[in-house]
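Descriptive structure summary
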Amino acid sequence: MDRSLVRYATKRIMQIPPLLLGISILTFLIFYLSPVNPTVAYLGLVTVQKMSPEDLDRVEEQLGLNQPAHVRYIGWLERIAHGDWGYSHIKKRPVLDVIMERFPATLLLTITGYSLSALLGMMLGVISSVRAGSRIDSILNGLNYIIYSTPTFLLALLAMLVFSVWLGWLPSSRMLSVNAPTSSWLLMQDRIHHLILPASVLAVGHMAVFYTYIRSSIIEAMQEDYIITARAKGLNEVEVVLGHAIRNSLLPFITQMGLSVPLLIGGSVVVESIFAWPGIGKLTYDAALRADYMLLMGITLFSSLLVILGNLLADMACALTDPRVRYD
Amino acid sequence: MKTINFLVAVVLIALFMATLPLAVAEDAGKMLNIALGKEPDDLNPIAGTGHGEFYDVIKVYSGLLKSDDKLQAAPDIAESWDISPDGRTYTFHLREGIKWHDGTAFTADDILFTYELLRSGEWTSVFPASSEYEAIKDISILDPHTVTFTLNDPIVAFIERFSLPILPRHILEGQDLLKTDFWQEPIGTGPYKFVSWNKGEDLTFQSNPDFYGEAPRIGTLKYVFVPDESARINLLKSGEVDAIKIDLRSTESLKGANGVTVNSAPSANWYALNMPNRMWPFNMREVRQAISYAIDKQQILDTIFNGQGEISYGPFRQEDWIYNPDIVAAFDPERAKSLLADAGFKDTDGDGILDKDGKSLEFELVYPSDNSERKDISIAIKTDLAKMGINMELVGKSWDEISYDVFRDNVIIMAWGSPFDPDDQNYQNWNSKFIGKESWWNAASYSNPEVDGLLEEGRTTFDKEKRKEIYQKLQSILAEDQPVAFLIFSNYVYGLSDRITGIKPRNAPHGQGNNGGITGEIWWNVEEWQKE
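Given the structure is predicted, the values throughout are model-derived calculations rather than measurements. (Residues numbered from 1 in each chain as written. Chains lettered and ligands numbered in written order. Predicted model: local features only at pLDDT ≥ 70, side-chain atom pairs only at ≥ 80, totals over all residues. Heavy atoms only, no water.)

1. Considerations on the overall build of chain A
For chain A, the helix and strand inventory stands at 15 helices and two strands. Taking all 328 residues of chain A together, the buried fraction comes to 50%. Look at the contacts in chain A between residues 6 or more apart in sequence, and 72% of them connect residues 24 or more apart. Accessible surface computed for chain A: about 15800 Å², of which carbon and sulfur atoms make up 68%. Looking at charge distribution, chain A has the averaged site of its 24 positive side-chain charges lying 4 Å from that of its 23 negative ones. (Helix = DSSP H or I, 4+ residues; strand = E, 2+ residues; numbered from the N terminus. Buried < 20%, exposed > 50% of the residue type's maximum accessible area, 1.4 Å probe, protein only. Contact = heavy atoms within 4.5 Å. Areas by Shrake-Rupley, 256 points an atom, 1.4 Å probe, with all protein chains shown as cover. Lys, Arg positive; Asp, Glu negative; His and termini not counted. Charge placed at Lys NZ, Arg CZ, Asp CG, Glu CD.)

2. Looking at the packing of aromatic side chains
Tallied over the entire structure, the rule returns 33 aromatic pairs over all chains. Ring centres of Tyr-114 of chain A and Phe-210 of chain A lie 6.0 Å apart, and the angle between their planes is 55 degrees; this geometry places the pair in the tilted category. A residue pair is termed long-range when its members are at least 10 positions apart, and Tyr-114 of chain A in helix 7 (residues 95-130) and Phe-210 of chain A in helix 10 (residues 184-221) qualify at 96 residues. Where Phe-127 of chain B meets Trp-183 of chain B, the ring centres are 6.0 Å apart and the plane angle is 85 degrees; that geometry is what we call edge-to-face. (Phe/Tyr/Trp six-rings, centres within 6.5 Å; stacked < 30°, edge-to-face > 60°.)

3. With respect to the interface of chain B and chain A
Counting residues at the interface gives 56 residues for chain B and 50 residues for chain A. For the chain B and chain A pair, buried surface summed over both sides reaches about 4900 Å², with 59% attributable to carbon and sulfur atoms. Counting across the chain B and chain A interface gives two salt bridges. With its nearest N and O atoms 3.9 Å apart, the salt bridge here joins Asp-42 of chain B to Lys-92 of chain A. Counting across the chain B and chain A interface gives 10 residue pairs in polar contact (both at pLDDT 80 or more). When residues of the side of chain B that touches chain A are traced back to their parent elements, those giving at least two are helix 1 (2-19), strand 1 (31-36), strand 10 (220-225) and helix 4 (229-237) of chain B. Among the elements that take part in the side of chain B that touches chain A, helix 1 of chain B stands out by supplying eight residues, more than any other. Among the residues making up the side of chain B that touches chain A, the classes are represented as 29 nonpolar, 14 polar and 13 charged. (Buried area = accessible area lost by both parts, 1.4 Å probe. Salt bridge = Lys/Arg side-chain N within 4 Å of Asp/Glu carboxyl O. Polar contact = N/O pair within 3.5 Å; in protein donor to acceptor, adjacent residues only side chain to side chain. Nonpolar A, V, L, I, M, F, W, Y, C, P; charged D, E, K, R; others polar.)

4. Side note on a negative patch on the surface
Residue and element names in this part refer to chain B. Together, Asp-347, Asp-349, Asp-351, Glu-362, Glu-364 and Glu-393 make up a region of like negative charge exposed at the surface. Mapping Asp-347 onto the fold places it in the loop between helix 7 (333-342) and strand 15 (355-356). Residue classification places Asp-347 among the partly exposed positions, given a relative accessible area of 30%. (Patch = residues over 30% accessible without salt bridge, like charges linked within 9 Å, V, L, I, M, F, W, Y side chains within 5 Å.)

5. Re the domain arrangement of chain B
All names here are of chain B. The assigned domain composition of chain B is domain 1 (33-190 + 505-527), domain 2 (192-265 + 492-504) and domain 3 (267-490). The gap between the C-alpha centroids of domain 1 and domain 2 is 24 Å. On the side of domain 2, 38 residues touch domain 1, which itself brings 47 residues to the contact. Of the roughly 3600 Å² buried between domain 1 and domain 2, counting both surfaces, carbon and sulfur atoms make up 58%. Along the contact surface separating domain 1 from domain 2 lie one salt bridge. The salt bridge partner of Glu-521 is Lys-245, with a shortest N-O separation of 2.8 Å. (Domains from an automatic or database assignment.)

6. Considering the sheet that holds strand 18 (residues 391-397) of chain B
Residues and elements named next belong to chain B. One open sheet accounts for six strands, arranged 14-20-13-19-17-18; its pairing is mixed. Strands at the two margins of the open sheet, each flanked by one partner only, are strand 14 (309-311) and strand 18. Recorded for the sheet is a direction-independent mean angle of 30 degrees between the axes of neighbouring strands. The sheet contact formed by strand 17 (residues 362-368) and strand 19 (residues 411-416) spans two bridges and is parallel. Of the residues in strand 19, the one forming a bridge with Leu-365 is Val-411. In the packing of helix 6 (residues 297-304) onto the sheet, the strands contacted are strand 14 and strand 20 (484-490), and the crossing angle to strand 20 comes to about 35 degrees. (Pairing = 2+ DSSP bridges. Axes fitted to C-alpha atoms, helices over the stretch in contact; angles between N-to-C directions.)

7. A few points about unusual backbone geometry
The general pattern is negative phi for most residues beyond glycine and trans for most peptide bonds. Residue and element names in this part refer to chain B. The omega angle of the peptide bond from Trp-280 to Pro-281 is 0 degrees, so this bond is cis rather than trans. For Pro-281, the position within the fold is in the loop between strand 13 (270-274) and helix 5 (285-294). Unlike most non-glycine residues, Asn-306 shows phi in positive territory, near 55 degrees. Locating Asn-306 in the fold gives a position in the loop between helix 6 and strand 14.

8. Focus: the nonpolar core
Residue and element names in this part refer to chain B. Counting residues in each nonpolar core, the largest one holds 112 residues, and the members touching the most others are Leu-64, Tyr-115, Phe-149 and Tyr-223. Among the elements that make up this core, the one with the highest residue count is helix 2 (residues 108-119) (six residues). Judged by nonpolar contacts, the second largest core, of 57 residues, contains Leu-248, Ile-295, Leu-340 and Ile-413. (Core = buried A, V, L, I, M, F, W, Y, C linked by side-chain atoms within 4.5 Å.)

9. Looking at the domain arrangement of chain A
Residues and elements named next belong to chain A. In terms of domains, chain A is made up of domain 1 (17-84) and domain 2 (95-321). Both sides of the domain 1 and domain 2 interface together cover about 1300 Å² of buried area, and 79% of this is carbon and sulfur. Counting the surface domain 1 buries against domain 2, the share from its top three residues, Leu-20, Phe-31 and Trp-76, is 40%. Joining domain 1 to domain 2, the criterion identifies zero salt bridges. Counting the contacts that link domain 1 with domain 2 gives zero residue pairs in polar contact (both at pLDDT 80 or more). Only helix 2 (16-33), helix 3 (38-43) and helix 6 (69-81) provide two or more residues apiece to the side of domain 1 that touches domain 2.

10. Here we look at the environment of Asp-82 of chain B
Residue and element names in this part refer to chain B. Tracing the chain through its elements places Asp-82 in strand 4 (residues 78-83). Between the C-alpha atoms of Asp-82 and Thr-148, which are 66 residues apart in sequence, the distance is 9.4 Å. Residues within four places of Asp-82 in sequence aside, it is in contact with Thr-89, Tyr-90, Thr-91 and His-93.

11. A closer look at helix 12 (residues 464-481) of chain B
Residues and elements named next belong to chain B. Its 18 residues give helix 12 an end-to-end C-alpha distance of 26 Å, which sits within 8% of 26 Å, the value for a rise of 1.5 Å per residue. Listed in full, the buried residues belonging to helix 12 are Arg-467, Ile-470, Tyr-471, Leu-474, Gln-475, Ile-477, Leu-478 and Asp-481. Taken down its axis, helix 12 places every buried residue within 165 degrees of arc, on the same side. Among the exposed residues of helix 12, those pointing more than 90 degrees away from its buried face are Glu-465 and Glu-469. Buried residues along helix 12 sit in contact with helix 5 and helix 11 (449-460). The opening residue of helix 12, the one whose side-chain oxygen lies 3.0 Å from the backbone nitrogen of Glu-465, is Asp-463. Of the residues flanking the end of helix 12, it is Gln-482, one or two places downstream, whose phi is positive at about 45 degrees. (Expected span 1.5 Å × (residues − 1). Arc of directions from axis to C-beta.)

12. Side note on the confidence of the model for chain A
Per-chain confidence: chain A averages 82 in pLDDT, with 95% of residues scoring 70 or above. Within chain A, the lowest mean pLDDT, 74, falls on helix 12 (residues 237-259) of chain A, and the highest, 89, falls on helix 8 (residues 135-149) of chain A. (pLDDT = per-residue confidence, 0-100.)

13. Some remarks on the packing of helix 7 of chain A against helix 14 (residues 280-289) of chain A
All names here are of chain A. Across the interface, helix 7 lies against helix 14 with an axial gap of 7 Å and an inter-helix angle of 130 degrees. Taken together, the axes of helix 7 and helix 14 are oblique relative to one another. Note on element contacts: helix 14 touches helix 7 through Ile-280, Gly-281, Lys-282 and Leu-283, opposite Val-98, Ile-99, Arg-102, Phe-103 and Thr-106. By residue class, the composition of the contact of helix 7 with helix 14 is five nonpolar, two polar and two charged. (Parallel < 35°, antiparallel > 145°, perpendicular 65-115°, else oblique.)

14. Comments concerning the side chain of Asp-55 of chain A
Within the element layout of this structure, Asp-55 of chain A appears in helix 5 (residues 53-63). Given the relative accessible area of 3%, Asp-55 of chain A is considered buried. Only 2.4 Å separates the side chain of Asp-55 of chain A from the side chain of Ser-131 of chain B, close enough to count as a polar contact. The residues touching Asp-55 of chain A, leaving out its near neighbours within four places in the chain, are Thr-124, Pro-128 and Ser-131 of chain B.

15. Side note on the pattern of salt bridges
Residues and elements named next belong to chain B. As enumerated under the stated definition, the model contains 32 salt bridges over all chains in all. Here Glu-527 and Lys-59 are joined by a salt bridge, their closest N and O atoms 3.2 Å apart. Taken together, the residues Glu-527 in the loop between strand 22 (500-501) and strand 23 (530-531) and Lys-59 in the loop between strand 1 and strand 2 (65-67) connect sequence positions 468 residues apart. Lys-59 matches Glu-527 in its accessibility class, with the two residues each being buried. Between Arg-169 and Glu-173 there is a salt bridge whose closest N-O contact spans 3.2 Å.

And the structure:
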């Protein structure tokens, strides 16, 4: 293997631990400084209101909430180093168990949403670029700007209103029907039926990024010499775009996908909460509302790892295809 | 291009499959689905506090006693019980042949084990009601079917504490109760056995064939978690679920739905305006009385609570056995004005606001900005008081910012309410010994020696008629003193399939919320329900 590639990879991997440490300190500080009282978050306000101060002190002590911030942080760091991600107060279970249980649901939603998003963005992008400057191009352009500027929650609520309340075509929440079928074939159908709405909202919400990207890179490519050669060979415009221009835009496009991972994780918090999709996003929302800082830190660390890995893969893909990157 | 074709194909196939009708197998009569807005954190049945909290536990468990629809003690694991004449010793006679869901025999040791867990205080973070059980001086097992409890003091309401769910010693002994998996997949002695819990999705129970009492009619009991109210309403309308709780302002959305009945059930949840009694101008009783007369409670009930509830003149509802009908006081702005004049308030500077000794009659009200009902009540009161020449400014704060001292030292919309023994919450809320403590009790800092005496007398008087007199007297004094301005009791509203029979609404405690949890709701007796 190319030594420069190995050196580049090592350098990038070495940057990860300090990055994670920084992220963990920041996360901890944010939760530590929030006004939420962890005892109230743990037992619920209604319960706490009826408790005596002595009992509350006892609870704080038993939960380790009365320790100073740095002791709590260092203890957490030590346990993480031993593979113990701590204990979730609201779920009453180990953090890593809770995350791993929810992760498949998020993966299903984001991967579906993501693929749809890339597909839609690419198709519309190609159409726009082939007809650059035409009326259809400006319509698509305008549409994408409007959708991109619409907050995801609004998009989700509108989709819910139209497709589940007015038309009644699609379920508005959850991952399965209440009386979920037992056979695996029907179960899969049921799951897909529930997946369509949230995945489409994610897809449409992010489509504009891919659309804009593919459109501009194809338009740029159209000025290149090899396109002129292709045209000179007598190919029509569609053949030129699909056969030549798009190929050279695809690789950076895939890199772009790697870089969009954080966007999708962010978007899924909103979409999952609205559609009651039992994934990491919904978990994050619940944990934040109830100040479960162990769980929140676990989720943050977990998502940071995902984002860092996504970026690393994207960088490596770049470095693999374009040697210049390795010497940056 | 191949990749794109493949993706298109996948999406098309998925869309096609989604349109196929879903075959749903259901043995209708034997299954019941309840959609909850709130998923429980775990299935620990002792996670709450308060007197009668265990009168409705997760159906996996059972206790020595349970309660009937009037919230009175009824036999459960104990077939019968005796209370000694001095009120200190309770003797329970246990049923025979009770089994845990795993087949192990239930013994009196399990009872001892459970009460000791709480009494020791070692697990307060798991069982916040622990210190209440420190009132037990001694527990003895006389024979395998007889257990006696001796209390330090005779407290009438303590009988409610014997509905504490019993936990299995053979599983929990020596475990870390904070981290045990038991709360995720519990084993009990109750009418339903735990089957499965898909987190974020649903929780399923199966009727217990070895149950010592009457076997439940509904074989499979499933709670599904649907946080969004409109989604819950849709599930009920489509018949996928049989019972839901809704916001009392959403009753219209269920009107005319086929096969659905709306049930507006009473609750002990009262709202009141807290007026810190030791702060000017609330240290003047006339001012507190005037404010109470000046508020149009009926209008609050009709406009904010959709008429679902009743006006409150004190901490007890009309149907409570100790209710005192003499305390009813009508909305009377003229009386309010004359009371304010009696207290020496006049608008001397002509700015439209009353004043006395150069001080204008104006103050701030703090409301929890994340609670729309309390916010709306605050606005309504502001309008009513403005007509009296009282200026009240509204300040919104989130619940995270409202600690007990903010709650205590501000004019605020408060809510409490217990349907259980009259001692519950009232002992703490009107008792001067709770003033200035680091707690949420007696936020009005109300002090009246006569009330203190009545509260002590009430909790140790076993004679029911005498008790009734005591608490009726208490209500008269509270109505006269108006430590807080009582406003209304709100109902809890449910949508229920009309195929269900056996529903017995009963007075529910404060703090249940509008989306429905596993306990404390109209489905408290779900083991007695039937579905046609």
